[in-house]
Amino acid sequence: MTELQRQLKERFGFDDFREGQEAAISRLLAGKSVLAVFPTGGGKSLCYQLPGLMLDGLTVVISPLIALMKDQLDFLIAKGALAARLDSTLTKEENRKLFDDLYAGNLKLLYISPERLGNERFLRAIGRQKISLLAIDEAHCISEWGHNFRPDYLKIAQLAKDLKVERTLSLTATATPAVAKDVRAAFDIAADDEVHTGFYRPNLELSVIAGPSRGRNKTLLARIRERPPGSTIVYVTLQRTAEEVAGFLAANGLNAAAYHAGLKSEDRTAIQNAFMISPDSVIVATIAFGMGIDKSNIRYVYHYNLPKGLESYSQEIGRAGRDGEPSFCEMLASADDVITLENFSYGDTPEPETVGEFTRHIFEMGETFDISEYELSGRFDVRPLVLKTLLTYLELERCLASTGPFYSEYKFQPQCPSSEMFARVSGEKAEFLRSVFRHARKGTKWLTLDTTEVSQTIGQPRDRIVAALSYLEEKGDLILQVAGVRQGYRRLRVPEDMNAFVESLNARFQKRETNDVERIQRVLDLAQHDGCITRHLLGYFGEERDDCGHCCRCQGVKPTPLGDADRRTFSAQDEERVRGLISDGHESIRTPRQLTRLLCGITSPATTRAKLRQKTNLFGAYDSMPFKATLDFVEGLV
Ligand code: ADP
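Cut-off values and rules
- Residues numbered from 1 in each chain as written.
- Predicted model: local features only at pLDDT ≥ 70, side-chain atom pairs only at ≥ 80, totals over all residues.
- Heavy atoms only, no water.
- Pairing = 2+ DSSP bridges.
- Helix = DSSP H or I, 4+ residues; strand = E, 2+ residues; numbered from the N terminus.
- Axes fitted to C-alpha atoms, helices over the stretch in contact; angles between N-to-C directions.
- Buried < 20%, exposed > 50% of the residue type's maximum accessible area, 1.4 Å probe, protein only.
- Near = heavy atom within 4 Å.
- Polar contact = N/O pair within 3.5 Å; in protein donor to acceptor, adjacent residues only side chain to side chain.
- Areas by Shrake-Rupley, 256 points an atom, 1.4 Å probe, with all protein chains shown as cover.
- Phe/Tyr/Trp six-rings, centres within 6.5 Å; stacked < 30°, edge-to-face > 60°.
- Lys NZ or Arg CZ within 6 Å of the ring centre and 35° of its normal.
- Core = buried A, V, L, I, M, F, W, Y, C linked by side-chain atoms within 4.5 Å.
- Contact = heavy atoms within 4.5 Å.
- Salt bridge = Lys/Arg side-chain N within 4 Å of Asp/Glu carboxyl O.
- Domains from an automatic or database assignment.
- Buried area = accessible area lost by both parts, 1.4 Å probe.
- Nonpolar A, V, L, I, M, F, W, Y, C, P; charged D, E, K, R; others polar.

Caption draft 1: Inspection of the sheet that holds strand β8 (residues 204-210) at higher detail. Across the sheet, 6 strands lie side by side as β8-β13-β12-β9-β11-β10; this open sheet has parallel pairing. The sheet is open, and its two borders are formed by β8 and β10 (256-259), each paired with just one other strand. Each neighbouring strand pair of the sheet contributes to a mean axis angle of 20°, computed without reference to strand direction. Bridge count between β10 and strand β11 (residues 282-285): 4 bridges; the pairing is parallel. Bridge pairing in β11 places A257 opposite I283.

Have a look at this one:
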């Protein structure tokens, strides 16, 4: 038994490492940064849990899914580990205990969400600790060309350097060779320190049947009926489809329910819980379902609609057969779905004029400035994610440097007389506190401080004010709340040729759009591929294998061409309906593109805030029409 195996047995009670775990852990313990690419359920967490407990210092785990990590933490705590999760659901006492533990060096593993890294109070707290390991879950989000780019991820690498993190562990279950290369470059990981286990799952039988979208309900029903009962997920693209299909299956006597982000959270929980305990129920879900689901006996995953890309596809089918028993994954491929998927990509690309206006606006804000993403996303009608991406581009072009987000307003409720607080510190410090308190606006319950303003008035750094308030909060002298998050920036340079610069930004957005559309094409390629489906899919992720022998193609089913999407044209009646909407004069759909987005079912900040979805039945009425064709139609009307 090696020393590592002994530690594994002693701390976790496991006899052996799973594939890849020992390789990743021993590299980390040798001080190297590692990229681990394991399939979901492959045991990625252990790769930071074990070193986290063995190394002295703190291990910070960044995961977008910490809300779903309760089980993992309970498991760790049951094993006697000092682990905690920092999220917004903690009570004040829990929060205080967490920070006490952190400062006292009692914590070994701390789980946080990526957003937390934008919180200066948190960064200050953690900056005082020795961070021996930073683990980044879902690390593929760092790659701009990946399927799930998150601008806040791009900054983690810099932060790891700023916090003098000793080593990093990037974890993902989906990485094409190009994405893996991006992650390695960001965290200075040597090619040799990428630990990649195979993705092949011998118990999954992949199959694709092509056909028009009409009649798909019947095909699905027939498939479900002809196979032995078992726990089933049916993935669809739109919430509406989830309702329709679940309704159809239920009307035909199946135990089926819809699951999507549009349901109330109690309902979602109830539906999920019922699914978890049932051996044979069907859940018809949008991609909102599945993250963090740990049900080992899912026997069937159907793709009623085409998945967005092969990354999503492999993640979604990966939820089947975790128990190793044979499971079926079938895609009901129809070319009609392509339009809806493409429309989503177009919806994420900002208009070239907007990019220009926004960029010029930013450069006119002065040497140092701060913005509210919420406010700007409404004003320019671009989604927050797109806005963040645009700002990140400006940072990557070294035009801006982020000075970090901050809360402009602090509200507090003293828990003891202020004289008591002042008495606790001496001389200049007490005087400083007094002047801060004097400048707080008094409401009925809360005192409010605009930290930027007060800092200017009293001639003290804003940081010092924030630090003082945080100190009093930690001592329990006051309850502190923050409001009005703003993002601070420093302007580094203004591009000489602004037009060319804006053009290059637009080209970048265009490239992303092209990439997304190509991703859909890769799904179509898979659906029509006449060789082994499993091999083709693994090949996309850089894994070379022989034919699997058990997918539909290996079993001799020939592919049928998908053909073209079922296209209809706009009628006189359509014209009348849309003209009617235009004449209502809604402010949030003034431009042809804004109106087109609404018609194609793409939400935007302006229409969401104006609650337009509730005011017209035309939201998404044309979601089966191509975005570009709808735009042409709309431009003809205005
Ligand atoms: P991933 O994050 O890769 O999806 P997890 O880390 O959640 O997977 O691990 C899946 C399950 O496997 C967990 O219940 C975990 O406790 C268990 N596990 C991990 N490593 C081992 C091991 N070496 N031996 C036994 N069970 C393990």
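Caption draft 2: Examining unusual backbone geometry more closely. Its identity as a non-glycine residue notwithstanding, E138 has a phi of 55°, on the positive side. Among the secondary structure elements, E138 is positioned in the loop between β5 (131-136) and α7 (151-154). Given a relative accessible area of 19%, E138 falls into the buried group. Positive phi outside glycine occurs at K611, with the angle close to 50°.

Caption draft 3: Expanded view of the site of the ligand. Every residue near the ligand is listed here: F14, D16, F17, R18, Q21, P39, T40, G41, G42, G43, K44 and S45. Here an oxygen atom of the ligand and a side-chain polar atom of R18 are 3.1 Å apart. In this structure, an oxygen atom belonging to the ligand sits 3.3 Å away from a main-chain N or O atom of G42. When the ligand is considered free in solution it has 560 Å² of accessible area, and contact with the protein chains removes 69% of it.

Caption draft 4: Region of interest: the packing of aromatic side chains. Enumeration according to the criterion identifies 20 aromatic pairs in this entry. Where F99 meets Y103, the ring centres are 6.2 Å apart and the plane angle is 40°; that geometry is what we call tilted. Of the two residues, F99 and Y103 are both situated in helix α5 (residues 92-103); the distance of 4 residues between them amounts to about one turn of the helix. Accessibility expressed as a relative area gives 26% for Y103, which makes it partly exposed. On the basis of an interplanar angle of 15° and a centroid distance of 5.9 Å, the ring pair of Y300 and F328 is categorised as stacked. Within this pair, whereas Y300 is found in strand β12 (residues 298-303), its partner F328 is found in strand β13 (residues 327-333), the two being separated by 28 residues in sequence. The class of F328 is partly exposed, set by a relative accessible area of 28%. One aromatic cluster in this structure is built from F12, F14 and F75. One residue, R216, lies across the ring of Y304, its end atom 4.7 Å from the ring centre. The residue whose ring lies beneath R464 is F432, and the NZ or CZ to ring-centre distance is 3.9 Å.

Caption draft 5: Quick peek at the nonpolar core. The biggest cluster of nonpolar side chains holds 38 residues, and the ones touching the most others in it are L110, I112, I126, L134, I136, I156 and F187. Within the residue set of this core, elements represented by two or more residues are β1 (34-37), β2 (58-62), α5, β4 (109-112), α6 (120-127), β5, α8 (156-162) and α9 (177-186). Per-element accounting of this core gives the leading share, 4 residues, to α8. Apart from residues no more than four positions distant in its own chain, I112 is found in contact with V60, V61, I62, S63, I66, L86, L117 and F122. Residues L204, Y313, I317 and A320 belong to the second largest nonpolar core, which totals 37 residues.

Caption draft 6: Focus on the pattern of salt bridges. On inspection of all chains with the given rule, the structure shows 34 salt bridges. Of the charged contacts in the structure, one is a salt bridge between E431 and R434, with a shortest N-O distance of 3.2 Å. Of this pair, E431 and R434 both sit in helix α19 (residues 427-438), separated by 3 residues, roughly a single helical turn. Taking relative accessible area as the criterion, E431 reaches 41% and is therefore assigned partly exposed.

Caption draft 7: Geometry of the domain arrangement of the protein. In terms of domain boundaries, the protein breaks down into domain 1 (3-196), domain 2 (204-342 + 520-540), domain 3 (362-491) and domain 4 (572-637). Of note, the centres of domain 1 and domain 2, computed from C-alpha atoms alone, are 31 Å apart. Taken together, the contacts link 8 residues of domain 1 with 8 residues of domain 2. Between domain 1 and domain 2, a total of about 740 Å² is buried, with carbon and sulfur atoms accounting for 61% of that surface. Across the contact surface, domain 1 and domain 2 share 0 salt bridges. Our enumeration of links across domain 1 and domain 2 arrives at 0 residue pairs in polar contact (both at pLDDT 80 or more). Of the residues in the side of domain 1 that touches domain 2, the class split is 3 nonpolar, 5 polar and no charged.

Caption draft 8: Focus on the sheet that holds strand β14 (residues 368-371). Strand order across the open sheet formed by 5 strands is β14-β18-β15-β17-β16, with antiparallel pairing between neighbours. Edge strands, defined here as strands with exactly one partner in the open sheet, are β14 and β16 (441-442). Note that β16 and strand β17 (residues 447-450) share 2 bridges and pair antiparallel. Opposite R441, over in β17, you have T448 as the bridge partner.

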